[in-house]
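Single-letter residue listing:
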Amino acid sequence: MRRTRHRALVQGIAGLFAVSLAFLLLATSQCFGAPANPSPTNIFRPSSTPADEVFHISIFVLIIAALIFAVVFCLLVYSLVKFRRGPDDDGREPPPVYGSNQVELAWTVLPILIVLVLFLATARVIHSVEDAAKPPAAVAVIAIGHQFWWEFRYPSVGIVTANELHVPVSDPAHPTPTYIELRSADTDHSFWIPRLAGKTDLIPNRTNSMWIDPHEVGIYVGQCAQYCGTQHAKMLLRVYVDTKEQFDRWAREEAQPARVGDTVNQGRRVFETTACINCHAVSGTVADGRFGPDLTHLMSRDTIASGAASNTHENLRLWIHDPEAIKPGSLMPAMQLSDQDLDAVTAYLETLR
Ligand code: HEC
Ligand SMILES: [Cu+2]
């Protein structure tokens, strides 16, 4: 009986050790073998100041935790081996240790010191991220979480877009960070692009804020990190970090009203006489709904439905025919259009560049 319990204990400890070691190895390989892991959401490959600082503090905490783990583990193994039941054991409890000032002090003061160090280090990072001075060249964006997509507004340049956030790359010599004001149209969401910053929640009737200053051009992905309903998992985030020129060109084009060719009058008529316009806006037309994404420059986006599908002719047509086919639980109803109207509306939307 005792023997099996003993064996189970040893096995348990060995298992715990193996799991911890595996985790530690994984973490170190992620940190130092960075290029080998191209995962677009790798938290160990930060590319912007807040994410950088979060990364450094987590490595610091990880190292302290690893040291504590190693010390406790060694003590545990030592006691198991040294004090295991011997052949001449009389089965009585050993005398307890009372009133040892050294022992009491050691297990009170040491943990307090460790917690204090962790607290101070964390407070330093929180302070430097939260209270960073906002440079005059900062870009201001309002991000609004909706079930299950993102609205992005650039109030100073009059842009409203969805799901794909464009920001300029930030050169440390001339920083152009992007300050994002976070709001929610319905329930709790959370804005998280692991390589750019830690996560911040979007809470109804409250405005939160965060900032990013990406150092490398590219696409960074993330997703809503708070369960907000059925399609929370398909509420993806894409951040396009552009060069200054690309960003300016993008912003100029987005600020234009929709350019509509006259070859698509039929589709435009279907769109403007259907409930589409109650939920969608196309600037320069009668459509000014705000429940769904702004479609003024739909074709400037690579994806539709918050990254759930790429923006191709087939997907767009399928989406309008039956959103559930791409995103079950999405809040856009299937509009029951005839095939002819469906083709016409799709053709119209495809002119919204
Ligand atoms: C009841 C409101 C509502 C109506 C009516 C509606 N939509 Fe939508 N639409 C939405 C919502 C909400 C989304 C975002 C869904 C998501 O990503 O979860 C959406 C997404 C879209 C998208 C993808 C946009 C993007 O960038 O991701 C397109 C295109 C679209 N709708 C076209 C239409 C057309 C065309 C009609 C009319 C035939 C229409 N919608 C009618 C609410 C509506
Ligand atoms: Cu969400």
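Scoring rules and cut-offs
Every chain begins its residue count from 1, and numbering advances along the sequence as written. Chains carry letters and ligands carry numbers; both start at the beginning, A for chains and 1 for ligands, and go up in the order they are written. Whole-chain, interface and lining totals are the exception, using all residues; otherwise, since this is a predicted model, local features are given only for residues with pLDDT of at least 70 and side-chain atom pairs are given and counted only at 80 or more. The domain boundaries here were taken from an automatic or database domain assignment. C-beta atoms are placed from the backbone for every residue, and two residues are taken to be in contact when these atoms lie within 7 Å. Residue polarity is assigned by list, with Asp, Glu, Lys and Arg as charged and Ala, Val, Leu, Ile, Met, Phe, Trp, Tyr, Cys and Pro as nonpolar; anything else, Gly included, falls into the polar class. Being paired, for any two strands, means DSSP has found at least two bridges between them. By definition, any uninterrupted DSSP run of H or I lasting at least four residues is a helix, any uninterrupted run of E lasting at least two residues is a strand, and each is numbered from the N terminus. To obtain an axis, a line is fitted to C-alpha atoms, over the contacting stretch when the element is a helix, and the angle between two such axes runs from 0 to 180 degrees between their N-to-C directions. To count as a nonpolar core, a set of buried Ala, Val, Leu, Ile, Met, Phe, Trp, Tyr and Cys residues must be joined through C-beta atoms within 7 Å. Backbone-placed C-beta atoms define the burial measure: a residue is buried with 20 or more other C-beta atoms within 10 Å of its own, exposed with 12 or fewer, and partly exposed in between. To estimate the expected span of a helix, count its residues, drop one, and scale the result by 1.5 Å.

Draft legend 1. Structural detail: the domain arrangement of the protein chain. Assigned domains of the protein chain: these are domain 1 (2-83 + 102-130), domain 2 (139-255) and domain 3 (262-349). Contacts between the two partners involve twelve residues from domain 1, matched on the other side by 13 residues from domain 2. Classifying every residue of the side of domain 1 that touches domain 2 by side-chain character gives six nonpolar, five polar and one charged.

Draft legend 2. Seen up close, the sheet that holds strand β8 (residues 208-212). Strand order in the open sheet made by the five strands is β3-β2-β1-β5-β8, with mixed pairing throughout. At either margin of the open sheet sits one strand with a lone partner, and together these are β3 (159-162) and β8. For this sheet, the mean angle separating the axes of adjacent strands, direction not counted, is 25°. Where strand β5 (residues 178-184) and β8 come together, five bridges link them in antiparallel fashion. Note on β8: the bridge partner recorded for Glu181 is Ser209.

Draft legend 3. Up close: the nonpolar core. One finds Val141, Ala143, Leu196, Val239 and Val345 to be the most contacted residues of the largest nonpolar core, which totals 51 residues. A domain-level breakdown of this core finds at least three residues from each of domain 2 (139-255) and domain 3 (262-349). Contacts of Val141, omitting those with residues within four sequence positions, involve Phe152, Arg153, Tyr154, Leu165, Thr178 and Ile180.

Draft legend 4. Inspection of helix α2 (residues 49-82) at higher detail. Taking 1.5 Å as the rise per residue, α2 with 34 residues should run 50 Å; its terminal C-alpha atoms sit 49 Å apart, in good agreement. What α2 keeps buried is the set Thr49, Pro50, Ala51 and Val54. Against the buried residues of α2 lie α3 (101-130) and β8.

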